[in-house]
Structures are given as structure tokens and as C-alpha cells.
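Geometric and topological summary
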Amino acid sequence: MLAGTTGTHGGARGRMTLLAAVIGLIAGFLLNGIVGAVLGLVGAAAACLVISDLVYGASRREGSGAGALGFLVGLAALIVVAISFVFAPLVIVVILALAWLGISRHRRAQRKHAGLRVLR
């Protein structure tokens with residue numbers, strides 16, 4: 001999530017996602033072996049993609065207001081880390097919330113583009 005707060009798009013987004021995936025892989029392996037490594041890799045990459053899309057969209061609309069959103073997302077990421085140390089199964093709720101956020105943003109974007117095609 002922290003890597004996604006940069007709000008990058010295009011090639012830089014891919015590099016940040018790769019960085020997040022490697023960090024998730026290493027941290028997951030150190031905490032829980034092979035299974036943790038795979039889950040950390042997938043979770044970090046997905047979280048980076050969803051959050052970077054969210055922050056990029058906000059920066060496009062709000063201009064300088066995206067810095068506050070990046071700060072709030074960073075704070076939320078630290079809270080998720082604290083939750084994962086205290087009660088690890090609660091992280092599943094965070095994963096489901098990120099998946100819902102990504103899917104809902106994708107659906108909304110599809111509806112927007114479908115509406116624009118009708119206007120042609």
C-alpha cells in the first residue's frame with residue numbers, strides 16, 4: 001500500500017508494483033515461509049495496483065490534495081501492519097476491501113466509457 005501512495009501511472013507504476021511485490025515476498029518469507037512469501041507477493045502487488053490507481057485518480061481531479069490522500073493511505077497501511085501482528089486473520093478483511101475497491105473502480109470506469117461511446 002505504501003508503494004502505491006506515489007500515485008504513479010504507466011511504466012513507473014510497474015516498477016513500484018514490482019518493488020512492492022519483492023518487499024512482500026521477502027517479508028512474507030521471513031514471517032511465514034513459502035506460503036507467506038506467495039501471499040505477501042500477491043497481496044503487495046494487488047494493493048500497490050489498487051492504491052496507486054486511487055491516488056493517481058485523486059491527483060488528476062484534486063491537484064495538490066492527493067498528498068493528503070497519500071498520507072491517509074500510508075497511515076492506513078501502518079494500521080494494517082499493526083493489525084497483522086496482533087491478529088493476522090483480520091488482514092483478510094483488508095484484502096477483501098481492497099479487492100472490492102479495485103473492482104468497483106473498474107466497473108465505474110467501464111460505465112463512464114460506455115456512456116461516452118453512446119454520445120458519438
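What you see is a predicted model, and the numbers here were worked out from it, not measured in a lab.

A tally of regular secondary structure across the chain gives three helices and zero strands. Sequence-ordered secondary structure for the chain, helices as α and strands as β, is α-α-α. Counting the 120 residues in the chain, one finds 28% classified as buried. Across the chain, the fraction of contacts at a sequence separation of at least 24, relative to all contacts at a separation of at least 6, is 62%. Within the structure as shown, the chain displays about 8000 Å² of accessible surface, and the carbon and sulfur contribution to it stands at 74%.

Moving on to the nonpolar core. Of all hydrophobic cores here, the largest spans six residues; its members are Ala-47, Val-50, Ile-51, Val-55, Val-73 and Leu-98. Broken down by element, this core gets its largest block of residues, four residues, from helix 1 (residues 11–62). The contacts of Val-50, once residues within four sequence positions are left out, are Leu-98, Leu-101 and Gly-102.

Let us now look at the environment of Arg-13. If you trace the backbone, Arg-13 turns up in helix 1. Owing to a relative accessible area of 19%, Arg-13 belongs among the buried residues under this scheme.

What follows covers a positive patch on the surface. Taken together, the side chains of Arg-60, Arg-61, Arg-107, Arg-108 and Arg-111 define a basic patch exposed on the protein surface. At the level of secondary structure, the elements contributing two or more residues to the positive patch comprise helix 1 and helix 3 (91–118). When residues of the positive patch are assigned to their parent elements, the largest contribution, three residues, is made by helix 3. Mapped onto the secondary structure, Arg-107 falls in helix 3. Judged by its relative accessible area of 55%, Arg-107 falls in the exposed class.

Conventions used here
The numbering scheme is per chain: residues are counted from 1 as the chain's sequence reads. In view of the model being predicted, local features appear only for residues whose pLDDT reaches at least 70, and side-chain atom pairs are presented and counted only at 80 or more, with totals across whole chains, interfaces and linings using the full set of residues. Hydrogens are left out, water is left out, and the side-chain values use all remaining heavy atoms of the structure. Only runs of H or I of at least four residues qualify as helices and only runs of E of at least two qualify as strands under DSSP, and these elements are numbered from the N terminus. With a 1.4 Å probe rolled over the protein chains alone, any residue whose accessible area is under 20% of its type maximum counts as buried; one over 50% counts as exposed, and the rest are partly exposed. What makes two residues a contact is simply this: any of their non-hydrogen atoms within 4.5 Å. Here the Shrake-Rupley method, with its probe set to 1.4 Å, supplies the accessible areas, and only the displayed protein chains count as covering residues. Throughout, nonpolar core names a set of buried Ala, Val, Leu, Ile, Met, Phe, Trp, Tyr and Cys residues whose side chains join them through atoms within 4.5 Å. Every patch collects residues that have over 30% relative accessible area and no salt bridge, joining them within 9 Å if they carry like charges and within 5 Å if they are nonpolar side chains (Val, Leu, Ile, Met, Phe, Trp, Tyr). Salt bridge, as used here, is a side-chain nitrogen of Lys or Arg placed within 4 Å of a carboxyl oxygen of Asp or Glu. Charged residues are defined narrowly, with Lys and Arg counted positive, Asp and Glu counted negative, and His plus the chain ends left uncounted. Each charge is placed at NZ for Lys, CZ for Arg, CG for Asp and CD for Glu.

Everything listed is a geometric property; what it means functionally is a separate question.
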